[in-house]
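A structural walkthrough
Chain by chain, the residues:
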Amino acid sequence: MEHASLATTPPPPVKRSATNSSPSHSGANGQAARRLRRRATAQSMAASQRDISVSEFFAKNRHLLGFDSPRRALLTAVKEAVDNALDACEEAGILPEIWVHVQRISPDRYKVGVQDNGPGILKKTIPLIFGKLLYGSKFHRLRMSRGQQGIGISAAGMYGMLTTGKPIKIMSKISRKDPAHYYEIQIDTKRNLPEILNGRGDGVEVPPGAAGQRAIDKHGIEWEDLEHGTRVTIELEGKYQRGRGSVDEYLEQTAIANPHVAIHYTDPDEKKIDYARVAENLPPEPKEIKPHPYGVELGHLVTMLKDTKAPTIAQFLGTSFSRVSRKIAKKICEKAGVKIRSNPKKSGRHEADLIYKAIQETKIPAPTTDCISPIGEELIIKGLHHIVPGEFYTAATRPPAVYRGNPFVIEVGLAYGGAAVAHRVGREALAELIEETDARTLRQFLITTFNGIGADGADKILAESALKTRVSPGNLKKAEIDKLHEALQNVNVSDGQSMNILRYANRVPLQFQAGACAITQTVMQTNWRAYGLQQSRGSLPAGPVTLMVHMASVWVPFTSESKEAVASYPQIQKEIRLALQAVGRKLGMYLRRRRRVHHEGQRRNLFLRYVGEVAGAVSSINKTDRQRLYDNLMRVARKRTAEADTQLDDRGRKIDENSQEFGEHVLIVEQAEMTSPPTVAS
């Protein structure tokens, strides 16, 4: 009876926790058993584990490489192809000439073609360069170059394959006599290997001469007739939009930092824009250097000791690092308590730790800077003057500095004055920008589309055009677009205009992640009020100023794989700040002198307004010669307001007077001589 009553009575509830569950309790056995059957075992978990290909990883995380939106993906594809083309031409000692064609296939699909006049690529390396991630020649060598990781162009081809299913197409030619090679390639993301789709897996050879032209026509190959060079064509999902962060802006900024390059650009509307080269000499070729001891970490030092072929520690230090002489190697060994002739391969972790500490305590000269090729002040001014309208240009290049053992150089160029971008836009171009924008309000459209127009400038334009702030740009009628265009031409936005910053790393424009970049942060932390510009706390200064900041280094410390922002190392920010102060002082001198000239001109005009009446009144009272009195008064007026007649030459010096000048690397342009934008042909 007792057992029967127990059987009919439900068991008391059992408290269970994630860390302490007992399957032996009555009523819970079945549930616990089912749970145990569902859970993985060590054997099943081991069976499911496998290698992850780098291309498979980036296919799922393509936003890390700059393919996070259709608009940015289009820009990134063009950018990677152009950067590779420029590196190839410069390394071969060829003045670069680049053809860029962006063709609209459908509203959300584009075909990007980039061709250069470089040395071409050997047949066997073409599939690996364009069909395998992390394959290249620039990662392991310490010298300045645009590319660093060997990811960019192959990742662009992978993105095109994922979004459109179309392979990347490559045509390369090394000389007029040799045949060209044409490949259609896609990436096997699981193995990170190229798959050649044409020519039965071996590509197609294009012979020279007339037979080659027939082969080009047969296969539908796009090719500018050159003796040598490479063309890359990628069809991808994208979005073309003018304004900030666009392909147009990237190419314009590339022309500024690379005045030795000629660029021929055809946009999706079949408009052709040519950026002519303004320098006929290539920049000096950077030389490869060995790593500096200060930049090597302990774990890397241990690996280097194991892999070295040097027979002694002293020879290892001298041959593996830059700026380590026999005397410095001896000092390092003495401080570390290590024998000079000991075998580095037999050095353990303890000896490596002692050597590492001794390196930090030893004074070693900074690395040589022939591995870097800065632009130079004169070419920076030429590049800015060629593209950016202005009245005052200046530039400064800092002496080389070092971060983590890596040498780098900071350069800054500044252009002041000139018409704002909004003043130069035509009626048809404005209508196209309105049609392409994804801004929700008209105010947002003005701020995000035109460089330098801040919130105050946008409000002035909207007030002048009598348009509502929150109206959608897509809803504007033809008459309203006419009003907006008229307001853009008439409203002076210079006073409220914010500084336009052009950021560069190894001559490559950085167009995104401005807030996370050390360049932007340092510009905002600089006191520009001392140089005659208005500035609110923690913000960019106001004024018609275009500022260019360039970092040249053997290894630029980007904050992510997309290479859009420079990391905030204290040494880098210090050099940026000093370069900004150098150009700021010259700008301050120019603005103060210009204000003095303007002030004295106002004084003279005020005097001239009444000098005739004064001369007549005094003449009638004193019976003196009126003309003689008038001439004497005019002579005094001109003498007292002589500053109003100041004329400066193109270097900022007073004409026929060398007592006051701005120093070197200054260009002053008369209003009538301001540079017009690059030529555009329909």
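Reading the values: rules and limits
- Every chain is numbered on its own, with residues counted from 1 as its sequence reads.
- Under the rules for a predicted model, residues below a pLDDT of 70 receive no local features and side-chain atom pairs below 80 are neither given nor counted, while totals for whole chains, interfaces and linings still include all residues.
- Processing note: side-chain calculations cover all non-hydrogen atoms of the structure and skip hydrogens and water entirely.
- Secondary structure elements follow DSSP: runs of H or I of four or more residues count as helices, runs of E of two or more count as strands, with numbering from the N terminus.
- Residue exposure (1.4 Å probe, protein chains only): buried if accessible area is under 20% of the type maximum, exposed if over 50%, otherwise partly exposed.
- Should any heavy atoms of two residues lie within 4.5 Å, those residues are counted as being in contact.
- Note on areas: these come from Shrake-Rupley sampling with a 1.4 Å probe, and a residue is covered only by the protein chains present in the view.
- By nonpolar core is meant a set of buried Ala, Val, Leu, Ile, Met, Phe, Trp, Tyr and Cys residues that side-chain atoms within 4.5 Å join together.
- Salt bridge, as applied in this entry: a Lys or Arg side-chain nitrogen positioned within 4 Å of an Asp or Glu carboxyl oxygen.
- Think of it this way: a Phe, Tyr or Trp ring, Trp meaning its six-membered ring, pairs with another when their centres are within 6.5 Å, and the plane angle makes it stacked under 30 degrees, edge-to-face over 60, tilted otherwise.
- Whether a charge sits over a ring comes down to the Lys NZ or Arg CZ being within 6 Å of the ring centre and within 35 degrees of the ring normal.
- By definition, two strands form a pair when at least two bridges between them are found by DSSP.
- Counting of polar contacts relies on pairs of N or O atoms within 3.5 Å, with two restrictions inside protein: one atom must be capable of donating a hydrogen and the other of accepting it, and residues adjacent in sequence are counted only when both atoms are side-chain atoms.
- Each axis is a line fitted through C-alpha atoms, taken for helices only over the stretch in contact, and angles between the N-to-C directions span 0 to 180 degrees.
- Relative orientations are named as follows: roughly parallel for angles under 35 degrees, roughly antiparallel for angles over 145 degrees, roughly perpendicular for angles from 65 to 115 degrees, and oblique for any other angle.
- The handedness criterion is simple: a crossing whose near helix is rotated anticlockwise from the far helix by less than a right angle is left-handed, and one whose near helix is rotated clockwise is right-handed.
- Directions pointing from the helix axis toward each C-beta atom define the arc.
- Per residue, pLDDT measures the predictor's confidence, with a range of 0 to 100.

**Here we look at the overall build of the protein**
On a plain count of helices and strands, the protein comes out with 22 helices and 17 strands. Counting only residues that meet the buried cut, the protein has 48% of its 682 residues in that class. Considering only residue pairs separated by 6 or more positions, the protein has 71% of its internal contacts joining residues 24 or more positions apart. As presented, the protein carries roughly 34700 Å² of accessible surface, and 50% of it is formed by carbon and sulfur atoms.

**Remarks on the nonpolar core**
Counting residues in each nonpolar core, the largest one holds 64 residues, and the members touching the most others are Val-82, Val-100, Leu-251 and Met-548. For Met-548, the contacting residues outside a window of four places in its chain are Ile-256, Ala-257, Ile-375, Ile-380, Leu-384, Glu-411, Val-412, Gly-413, Leu-502 and Tyr-504. Grouped together as the second largest cluster of nonpolar side chains are 37 residues, Phe-408, Leu-510, Val-566 and Ala-579 included.

**Side note on the pattern of salt bridges**
Within the structure shown, the criterion is met by 20 salt bridges. One salt bridge in this structure joins Lys-79 and Glu-564, with 3.2 Å as the shortest N-O distance. Of this pair, Lys-79 sits in helix H5 (residues 70-91) while Glu-564 sits in the loop between strand S15 (545-553) and helix H21 (570-622); the two residues are 485 residues apart in sequence, bridging distant segments of the chain. Note on accessibility: Lys-79 and Glu-564 belong to one class, buried. Glu-222 is paired through a salt bridge with Lys-111; the nearest N and O atoms lie 2.7 Å apart.

**Things to note about unusual backbone geometry**
In this structure, Arg-323 is a non-glycine residue whose phi angle is positive, near 70 degrees. In this structure, Arg-323 sits in the loop between helix H11 (313-320) and helix H12 (326-336). The phi dihedral of Asn-506 is positive, around 55 degrees, even though this residue is not glycine. Mapped onto the fold, Asn-506 is located in the loop between strand S13 (500-505) and strand S14 (508-510).

**Observations concerning the packing of aromatic side chains**
With the rule as written, the count across this model stands at eight aromatic pairs. Each ring, one from Tyr-416 and one from Tyr-590, has its centre 6.5 Å from the other, and the planes form 70 degrees; the classification is edge-to-face. In this pair, Tyr-416 is assigned in strand S12 (residues 406-416) and Tyr-590 in helix H21, connecting sequence segments 174 residues apart. Put simply, the rings of Phe-392, Tyr-416 and Tyr-590 pair up and form one aromatic cluster. Over the ring of Phe-512 we find Arg-72, and its NZ or CZ is 4.7 Å from the ring centre.

**With respect to the pairing of S13**
Of all six residues in S13, six are buried; the element is thus mostly enclosed. In terms of strand pairing, S13 meets S15 through six bridges, oriented parallel. Each bridged residue has a counterpart across the sheet, and for Leu-502 the counterpart in S15 is Met-548. Alignment of S13 against S14, held across three bridges, turns out to be antiparallel. Note that in S14 the partner of Ala-505 across the bridge is Val-508. Taking the residues that link successive antiparallel strands as the turn, the S13-S14 hairpin has two residues, and the phi of Asn-506 there is positive, at about 55 degrees.

**Regarding the side chain of Ser-373**
Relative to the assigned elements, Ser-373 resides in the loop between helix H13 (349-361) and helix H14 (377-387). In terms of polar contacts, Ser-373 uses its side chain to reach the backbone carbonyl oxygen of Pro-284, at 3.0 Å. The contacts of Ser-373, once residues within four sequence positions are left out, are Met-144, Pro-283, Pro-284, Pro-286 and Arg-507.

**So, the packing of H5 against helix H7 (residues 152-164)**
The interhelical angle for the contact between H5 and H7, taken along N-to-C directions, is 140 degrees, at an axis separation of 8 Å. With respect to H7, the element H5 is oriented oblique. Like other packed secondary-structure pairs, H5 and H7 cross with a definite hand, here left-handed. Along the contact surface, H5 presents Pro-70, Ala-73, Ala-77, Glu-80, Ala-81 and Asn-84, while H7 presents Gly-152, Ile-153, Ala-156 and Tyr-159.

**A few points about H14**
Residues Glu-377, Ile-380, Ile-381, Gly-383, Leu-384 and Ile-387 constitute the buried set of H14. Down the axis of H14, the sector holding all buried residues measures 165 degrees, keeping them to one side. Residues of H14 that are buried sit in contact with helix H9 (247-257), strand S9 (272-275), strand S10 (392-397), S12, S15 and strand S16 (666-668).

**Brief notes about the confidence of the model for the protein**
Close inspection of predicted coordinates is inappropriate in any region flagged by low pLDDT. The share of residues in the protein with pLDDT of 70 or more is 83%, and the mean pLDDT across the chain is 83. Note that pLDDT drops below 50 for residues 1-9; the model gives that stretch zero contacts with residues more than four away or on any other chain. Note that residues 16-21 has pLDDT below 50 and, in this model, four contacts with residues that lie over four places away or in other chains.

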